Amino acid sequence: MKVLIVGSGGREHAIAWKVAQSPRVDKIYCAPGNAGIAEYAECVNIGAMEFDKLAAFAKENQVDLTVIGMDDPLVGGVVDVFEAQGLRVFGPRKNAAILEGSKAFSKDLMKKYGIPTAAYETFNSPEAALEYLETADMPIVLKADGLALGKGVLICNTREEAREGVKTLMLDKQFGSAGDRIVVEEFMTGREVSVLSFVDGNTIKIMTSAQDHKRAGDGDTGLNTGGMGTFSPSPFYTPEVDAFCKEHIYQKTVDAMKAEGRAFQGIIFFGLMLTEKGPRVLEYNARFGDPETQVVLPRMKNDIVDVFEACIDGRLDQTELEFEDNAAVCVVLASQGYPVKYDKGFAIKGLENFKEKDGYYVFHAGTKFDGGKNLVTNGGRVLGVTAVGKDLKEARSNAYAATEWVEFENKYMRHDIGKAIDNC
Ligand code: AMP
Ligand code: GLY
């Protein structure tokens, strides 16, 4: 069969790699793709938001299945465009992708259906938000309602910071219309865990757990980024946590979406915080995580194409997900200066050292071929270096050893990905 993947980052590289393992697949396209994805897929120069062009391409090339990796096209309704043309596509429709597309929607859903999350208020005007903040407890969290590349969340320690935050989101519109409405939320503390799941509208099957490191600098300092590294599984995701989430969060979310007439088919990514009072939902995403996918899929035993199809056909209840009894760590190699200002176009060397049979993977996030065959950096996050090991310690030591194989001029990485596991 022929599969089209939509997206261009490390997550889509990991999806393309996993799809390529399926004996059922003989051709993969990726739009727009990147230099790493080009190893398994024919990259097609169509942007992820060009829905009509994507659908026309799928039709012309008799694509059997399209997989949407990114959030923007899902929230924008790409799945509806494909379905209207009778094309098979994996991902939530627009009316379900709102679970990620509007924080106010997801908070109201959780409140209505009793799914544990932080207490919150929603505001459509800066005046009302500012008035509320005068008597609210600090610290407090401000969130732009819409998509903001993971950067529309402001943690404010003082009332002054909170006032500034309202200005940034609602008046200066730093994240555009995403800040027309904001959610003001209780500040919670605890360890964060990412749990990805497959959903077919009724049934939900949980993948293995992972943890991201969102801040740019060691020791969780510096600005928020798209993610500087991940490990899987999370030792903090205990059987007790799992049991709690199964009872109070996962199936309840799927049932709530169905009850609202917004049956969700695709990936639900649960961003959880393990607080003293138990697990709470920080956020939902309607797609695979990046860079969580880069540690979760190398551990997955199933043929992912079978699982995608089970979701589309509503027979996920007959599928058991299986993961290797091992661990994986992904260290992101970024360009010095990310996420603010950085140079690109530097030659990348050393990728020939990565041997999948030995458990080493390099997933491209921002790379391209410069004219001919020279691989160069082409983004803030450049590569995700993933290694597996028998346990987290071994996986981490393998991943950091592998980061030494790669050279480019302004290479930057965190040195403490997965360090928290030392205390386990
Ligand atoms: P979100 O995009 O909602 O996951 O928020 C991005 C990051 O902000 C999360 O990964 C947390 O580190 C932090 N965050 C979000 N909401 C809260 C909260 N209510 N309390 C504390 N930290 C939060
Ligand atoms: N790693 C967080 C995300 O994909 O949103």
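Refer to the structure above for everything that follows.
Read on for a plain summary of the structure. Once a new chain begins, its residue numbering starts again from 1 and follows that chain's sequence as written. The naming scheme follows written order: chains are lettered A onward, ligands numbered 1 onward. Reporting in this predicted model follows two pLDDT cut-offs: at least 70 for local features of residues, and 80 or more for side-chain atom pairs to be given and counted; totals over whole chains, interfaces and linings ignore these cut-offs and use all residues. Excluding hydrogens and water, the side-chain values take into account all heavy atoms of the structure.

In this section: the overall build of the protein chain. A run of H or I in DSSP becomes a helix once it reaches four residues, and a run of E becomes a strand once it reaches two; helices and strands are each numbered from the N terminus. Counting its secondary structure elements, the protein chain contains 12 helices and 22 strands. For this measure, only C-alpha atoms enter the radius of gyration; the expected value for a globule follows 2.2 Å times N^0.38, where N is the number of residues. Whereas a compact globule of 424 residues would reach a radius of gyration of roughly 22 Å, the protein chain reaches 21 Å, a difference of no more than 12%. Along the three orthogonal principal directions, the C-alpha set of the protein chain runs to about 60 × 45 × 40 Å. Relative accessible area decides the class of each residue, using a 1.4 Å probe on protein chains only: under 20% of the type maximum gives buried, over 50% gives exposed, and in between gives partly exposed. Counting the 424 residues in the protein chain, one finds 58% classified as buried. Every residue pair with non-hydrogen atoms within 4.5 Å of one another is taken to be in contact. Counting only contacts in the protein chain whose residues sit at least 6 apart along the sequence, the fraction spanning at least 24 positions is 68%. Counting rule for charge: Lys and Arg are taken as positive, Asp and Glu as negative, and neither His nor the chain ends is counted. Positions of charges follow a simple convention, taking NZ of Lys, CZ of Arg, CG of Asp or CD of Glu. In the protein chain, 49 positive and 62 negative side-chain charges are present, and the distance between their average locations comes to 1 Å.

To continue, consider the site of ligand 1. Around ligand 1, the surrounding shell holds 14 residues, and the nearest of these are E185, E186, M188, E192 and E283. Definition of a polar contact: a pair of N or O atoms within 3.5 Å, with one able to donate and the other able to accept a hydrogen when the atoms are protein atoms, and with sequence-neighbouring residues admitted only if both atoms are side-chain atoms. The contact in question runs from a nitrogen atom of ligand 1 to an N or O atom on the side chain of E185, over 2.7 Å. The separation between an oxygen atom of ligand 1 and a polar side-chain atom of E192 is 2.4 Å. Residue-level accessible areas treat just the shown protein chains as cover; the underlying method is Shrake-Rupley with a 1.4 Å probe. In the complex, the protein chains occlude 91% of the 470 Å² of accessible area that ligand 1 would expose alone. Every element with two or more residues in the shell around ligand 1 is listed here: β7 (140–144), β8 (153–156), β9 (182–186) and β16 (278–285). Counted by class, the shell around ligand 1 contains seven nonpolar, no polar and seven charged residues. Residues are counted as near a molecule or strand when any one of their heavy atoms sits within 4 Å of it. Under the convention adopted here, Pro, Cys and the residues Ala, Val, Leu, Ile, Met, Phe, Trp and Tyr are nonpolar, Asp, Glu, Lys and Arg are charged, and Gly plus all remaining residues are polar.

On to the environment of V331. Considering the arrangement of structural elements, one finds V331 in strand β17 (residues 327–335). Residue classification places V331 among the buried positions, given a relative accessible area of 0%. Expressed as a C-alpha distance, the spacing of V331 and G384, which sit 53 residues apart in the sequence, is 5.7 Å. Setting aside anything within four residues of it in sequence, one finds V331 in contact with M228, L383, G384, V385, A399, Y400, T403, M413, R414 and I417.

Turning next to the pattern of salt bridges. Salt bridge, as used here: a side-chain nitrogen of Lys or Arg that lies within 4 Å of a carboxyl oxygen of Asp or Glu. As enumerated under the stated definition, the model contains 27 salt bridges in all. Linking R11 and E12 is a salt bridge whose minimum nitrogen-to-oxygen distance equals 3.0 Å. With respect to burial, R11 and E12 carry one shared label: buried. Measuring nitrogen to oxygen at the nearest pair gives 2.6 Å for the salt bridge that ties E42 to K27. Taken as a pair, E42 in strand β3 (residues 42–43) and K27 in strand β2 (residues 27–32) lie far apart in primary sequence, 15 residues in all. Taking relative accessible area as the criterion, K27 reaches 27% and is therefore assigned partly exposed. Within this structure, R24, R88, D306, E309, D313 and R315 form a network of salt bridges that share partners.

Following A31, the chain continues to P32 via a peptide bond in cis, the omega torsion being -10°. With respect to the element layout, P32 can be found in strand β2. That bond from Y338 to P339 is cis: its omega, 10°, falls within 30 degrees of zero. If you trace the backbone, P339 turns up in the loop between β17 and β18 (360–364). Phi at Q62 is positive, roughly 50°, even though this residue is not glycine. Considering the arrangement of structural elements, one finds Q62 in the loop between α2 (51–60) and β4 (65–68). Even without glycine at this site, K173 takes up a positive phi of about 55°. Relative to the helices and strands, K173 resides in the loop between α8 (159–171) and β9.

Residues in close proximity to ligand 2 include D212, G226, F269, N285, R287, G289, D290 and E292, which together make up its full environment. The separation between a nitrogen atom of ligand 2 and a polar side-chain atom of D212 is 2.8 Å. Side-chain polar atom of R287 to an oxygen atom of ligand 2: 2.9 Å apart, as the coordinates give it. Class assignment for the residues of the shell around ligand 2 results in one nonpolar, three polar and four charged.

On to the sheet that holds β4. Two pairing modes exist for strands in a sheet, parallel and antiparallel, and in both the strands are linked by backbone hydrogen bonds. Here five strands make up an open sheet; going across it, the order is β3-β2-β1-β4-β5 and the pairing parallel. Sheet topology places β3 and β5 (89–90) at the edges, where each strand pairs with a single neighbour. The pairing criterion for strands is at least two bridges between them, as found by DSSP. Alignment of strand β1 (residues 2–7) against β4, held across four bridges, turns out to be parallel. Pairing of I5 across the sheet is with V67, part of β4. In this analysis, axes come from line fits to C-alpha atoms, helices being fitted only over the stretch in contact, and the angle between any two N-to-C directions falls in the range 0 to 180 degrees. Each of β1, β2 and β4 touches α2; the most contacted strand, β1, lies at about 165° to it.

Interhelical geometry of helix α5 (residues 94–101) versus helix α6 (residues 103–113) gives an angle of 95° and a closest axis separation of 6 Å. The angle between the axes of α5 and α6 places the two elements in the roughly perpendicular class. Of the residues in α6, those in contact with I98, L99 and G101 of α5 are K103, F105, S106 and L109. By definition in this entry, angles of less than 35 degrees are roughly parallel, angles greater than 145 are roughly antiparallel, angles of 65 to 115 are roughly perpendicular, and the rest are oblique.

What is meant by a nonpolar core is a set of buried Ala, Val, Leu, Ile, Met, Phe, Trp, Tyr and Cys residues, joined one to another through side-chain atoms within 4.5 Å. Formed by 49 residues in total, the largest nonpolar core has its most connected members in L4, F82, Y250, F270 and L272. A per-element tally of this core places helix α9 (residues 239–259) first, with seven residues. Beyond its immediate chain neighbours, meaning those up to four positions away, F82 contacts L4, F51, L54, A55, A58, T66, L87 and V89.

To continue, consider the packing of aromatic side chains. Stacked, tilted and edge-to-face are the three classes assigned to paired rings of Phe, Tyr and Trp, where Trp is represented by its six-membered ring and a pair needs centres within 6.5 Å; plane angles under 30 degrees give stacked, over 60 edge-to-face, the rest tilted. For the structure shown, the criterion picks out 14 aromatic pairs. Taking 4.9 Å as the distance between ring centres and 85° as the angle between the ring planes, the aromatic pair formed by Y29 and F57 counts as edge-to-face. Of this pair, Y29 sits in strand β2 while F57 is found in helix α2, placing the two residues 28 residues apart along the sequence. Like F57, Y29 is buried. With a centroid separation of 4.9 Å and an interplanar angle of 55°, the aromatic rings of Y360 and W405 are classed as tilted. Note that Y360 is positioned in strand β18 and W405 in the loop between α12 (392–403) and β22 (411–412), a separation of 45 residues in sequence. What links up through ring pairs into an aromatic cluster is the set F90, F198, F288 and F308. When the ring centre of F236 is taken as origin, the NZ or CZ atom of R191, which lies over that ring, is 3.8 Å away. Lying over the aromatic face of F269, R287 brings its terminal NZ or CZ to 5.9 Å of the ring centre. A ring is scored as having a charge over it whenever the NZ atom of a lysine or the CZ atom of an arginine sits within 6 Å of its centre and within 35 degrees of its normal.

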